[in-house]
Amino acid sequence: VLVPFKKHFSLCVSTQVGCAFACTFCFTGTKGFTRNLLSSEIVGQFLQAKRWLQKRKNEKRPLTNIIYMGQGEPLHNVEEVKKATEIFLNPNGLGIAPRKVSLSTVGHVPGLEKLKDFPPINLSVSLHAATDKKRNVLMPINKKYNLETLMRTLKSISLGPRKKISFEYLMIKNFNDQKEDIEMLRKLLEGVPSQLNLIPYNSYPGSLYEGPSMEHIYDFQKSLKSAGCFSTIRKTKGHD
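Residues numbered from 1 in each chain as written. Predicted model: local features only at pLDDT ≥ 70, side-chain atom pairs only at ≥ 80, totals over all residues. Heavy atoms only, no water.

Peer 1: Help me understand the overall build of the protein in this model?
Peer 2: Of the regular secondary structure elements, the protein holds seven helices and ten strands. Relative to a compact globule of 240 residues, whose C-alpha radius of gyration would be 18 Å, the protein shows 18 Å and is just as compact. If you line up the protein on its principal axes, its C-alpha atoms span 50 × 40 × 35 Å. With 240 residues in all, the protein has 47% of them scored as buried. Sequence separation of 24 or more characterises 70% of the internal contacts of the protein that already satisfy a separation of 6 or more. Of the accessible surface of the protein, which amounts to about 12700 Å², a share of 53% is contributed by carbon and sulfur atoms. The averaged location of the 20 negative side-chain charges in the protein is 8 Å from the averaged location of its 36 positive side-chain charges. (Helix = DSSP H or I, 4+ residues; strand = E, 2+ residues; numbered from the N terminus. Rg over C-alpha atoms; globule rule 2.2 N^0.38 Å. Buried < 20%, exposed > 50% of the residue type's maximum accessible area, 1.4 Å probe, protein only. Contact = heavy atoms within 4.5 Å. Areas by Shrake-Rupley, 256 points an atom, 1.4 Å probe, with all protein chains shown as cover. Lys, Arg positive; Asp, Glu negative; His and termini not counted. Charge placed at Lys NZ, Arg CZ, Asp CG, Glu CD.)

Set out below in structure tokens:
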């Protein structure tokens, strides 16, 4: 999926056909898991998108960023994702700067433990709740690798040039957008170099959830700031 920004495009790439992790907020999660993609298929998504852009003579914005946030869990297919990343970064490959590539994980701990041998790209973690009780509802993987295990693993990773971890937090109405969630987030992220990205939830037909108003999200962010948590609000590009 090509994501347009004012001066550039980012490309959201898939790493699997479907996904095995069945997060309850995710449309892909309802489809089950078919197979892993090869590194050639992952890189092929970038090449195809670049060709498509080149054919549009009036489109001057370059494709500069890659985000592993499409179908699938990247760290469930870690070896092929590693190969693809090495091709993206290699000067004799596609020559993309490491800071322009981001990988998002649901918190696949065995995969996280392999990041020490991974190219130094940006790391994002799909958090979405600050307690095991709520995260268990949203993300079945939390029942196997709970928040304590996840945070302990993240703290053991040498960030190097990454400097900080981005935590993705879907704003879900009347579920994880309450005052008590702010305090739990503060406690959970304490001592972790991090940035919290608040994401307005995009509902889909049959979805179990809906997003709160933007006004509520801004109030939530303001309260987070008062509690000492740095956060940004992700501009949604998927409502249509």
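Next comes the rest of the description.
Peer 1: Just to check I follow, could you spell out helix 2 (residues 78–89) for this structure?
Peer 2: Residues spaced three or four apart along an α-helix face the same direction, because each turn holds 3.6 residues. The end-to-end C-alpha separation of helix 2 is 16 Å, in line with the 16 Å expected for twelve residues at 1.5 Å each. All buried positions along helix 2 are accounted for by Val78, Glu80, Val81, Ala84, Thr85, Phe88 and Leu89. Down the axis of helix 2, the buried set is contained in an arc of 165°. They therefore lie on one face. (Expected span 1.5 Å × (residues − 1). Arc of directions from axis to C-beta.)

Peer 1: Explain the packing of helix 6 (residues 179–189) against helix 7 (residues 214–226) here, please?
Peer 2: Between two packed helices, both the angle of their axes relative to each other and the distance between the axes serve to describe the pair. It is at 10 Å that the axes of helix 6 and helix 7 come closest, and there the two elements cross at 40°. Taken together, the axis directions place helix 6 and helix 7 in an arrangement best described as oblique. Two packed elements cross with a definite hand, and for helix 6 against helix 7 that hand is right-handed. Contact residues: helix 6 offers Asp181, Ile182 and Leu185, while helix 7 offers Phe220, Ser223 and Leu224. A breakdown of the residues in the contact of helix 6 with helix 7 according to their chemical character gives four nonpolar, one polar and one charged. (Axes fitted to C-alpha atoms, helices over the stretch in contact; angles between N-to-C directions. Parallel < 35°, antiparallel > 145°, perpendicular 65-115°, else oblique. Left-handed = near helix turned anticlockwise from the far one by under 90°. Nonpolar A, V, L, I, M, F, W, Y, C, P; charged D, E, K, R; others polar.)

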